[in-house]
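Okay, here's what each chain looks like letter by letter:
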Amino acid sequence: MMCAKTMEGLVGARTNMDMTKVPLRVFKEARRRGDTATMERAMGYVNEFSNQAQEYKAEAYEGMEEDGKEAKEREKAARENAVAKLKEESEKLEERMEESRKDGGEILEISQEGKALWENAAKQEADNPETGKPVVGKENIIYTKTGETSQTQQGSNTSILV
């Protein structure tokens, strides 16, 4: 994003450089004719426009330096925000990890949809005891690290740990 000072400097320098073409052409014609007074007057205009172009060029450089400083400040602020956000997220993660270590495992959260599916499955299996499948919610199932089911002892109180 360019600031107004940079744009003004660039446009002014370009315009003044374009404006030197006319008096330079007049100078060349006057030189062919041998008219030194017109040549001097035309060169005065060329020098004037060139000086103005140099002033605008300096203004454009100042504007670009300001733009660079602003960009660095914006980048620094963005980095600081990112670092703060990352630090906050890592603190939250560490808190959750500490909580899970205290419990002896990780927490498994079941969504509302999952709970509804669980209840529907429990109702269907309770309604149809002939399937031979255990009624959901009546028997605890433990999954091993390989993903296989492991039978639990009757009367044992287990919870889901991942």
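Because the structure is a prediction, the values reported are computed rather than measured.

Here we take up the pattern of salt bridges. Applying the stated criterion to the full structure yields six salt bridges. One salt bridge in this structure joins Lys5 and Glu62, with 3.0 Å as the shortest N-O distance. One end of the pair, Lys5, is in helix 1 (residues 4-19); the other, Glu62, is in helix 3 (residues 36-103), with 57 residues separating them in the sequence. Residue Lys5 is classed as partly exposed on the basis of its relative accessible area of 27%. The partner of Glu66 in a salt bridge is Lys5, with the nearest N and O atoms 3.5 Å apart. In this pair, Glu66 is assigned in helix 3 and Lys5 in helix 1, connecting sequence segments 61 residues apart. Judged by its relative accessible area of 36%, Glu66 is partly exposed.

Relative orientation of the contacting elements helix 1 and helix 2 (residues 21-33) amounts to 20°, with a least axis distance of 4 Å. In terms of axis orientation, helix 1 runs roughly parallel to helix 2. Of the residues in helix 2, those touching helix 1 at Met17, Asp18 and Met19 are Lys21, Val22 and Pro23. Considered class by class, the residues forming the contact of helix 1 with helix 2 number four nonpolar, no polar and two charged.

Judged by side-chain polarity, Met7, Leu10 and Val11 come together as a nonpolar surface patch covering roughly 250 Å² of accessible area. Looking at Met7, the relative accessible area reads 40%, which means it is partly exposed.

Averaged over every residue, the pLDDT of the chain is 81; the share at 70 or more is 77%. By mean pLDDT, the top-scoring element of the chain is helix 2 (93), and the lowest-scoring one is strand 2 (residues 149-151) (66).

This next bit is on helix 1. For helix 1, built from 16 residues, the straight-helix expectation of 22 Å at 1.5 Å per residue is met to within 8% by its first-to-last C-alpha distance of 22 Å. For helix 1, the complete set of buried residues consists of Thr6, Gly9, Gly12, Ala13 and Asn16. Buried residues of helix 1, seen end-on, are gathered within an arc of 140° and therefore sit on one face of the element. Exposed and facing more than 90 degrees away from the buried side of helix 1 are Ala4 and Arg14.

Along its 13 residues, helix 2 runs 19 Å from first to last C-alpha, staying within 8% of the 18 Å computed at 1.5 Å per residue. Those residues of helix 2 lying buried are Pro23, Phe27 and Ala30. Looking down the long axis of helix 2, one finds its buried residues gathered within 70° of arc, a one-sided arrangement. The outward face of helix 2, more than 90 degrees from its buried face, is lined by the exposed residues Lys21, Arg25 and Arg32. Positioned one or two residues after helix 2, Gly34 has a phi angle of 85°, which is positive.

Procedures and definitions
- Residues numbered from 1 in each chain as written.
- Predicted model: local features only at pLDDT ≥ 70, side-chain atom pairs only at ≥ 80, totals over all residues.
- Heavy atoms only, no water.
- Salt bridge = Lys/Arg side-chain N within 4 Å of Asp/Glu carboxyl O.
- Helix = DSSP H or I, 4+ residues; strand = E, 2+ residues; numbered from the N terminus.
- Buried < 20%, exposed > 50% of the residue type's maximum accessible area, 1.4 Å probe, protein only.
- Axes fitted to C-alpha atoms, helices over the stretch in contact; angles between N-to-C directions.
- Parallel < 35°, antiparallel > 145°, perpendicular 65-115°, else oblique.
- Contact = heavy atoms within 4.5 Å.
- Nonpolar A, V, L, I, M, F, W, Y, C, P; charged D, E, K, R; others polar.
- Patch = residues over 30% accessible without salt bridge, like charges linked within 9 Å, V, L, I, M, F, W, Y side chains within 5 Å.
- Areas by Shrake-Rupley, 256 points an atom, 1.4 Å probe, with all protein chains shown as cover.
- pLDDT = per-residue confidence, 0-100.
- Expected span 1.5 Å × (residues − 1).
- Arc of directions from axis to C-beta.

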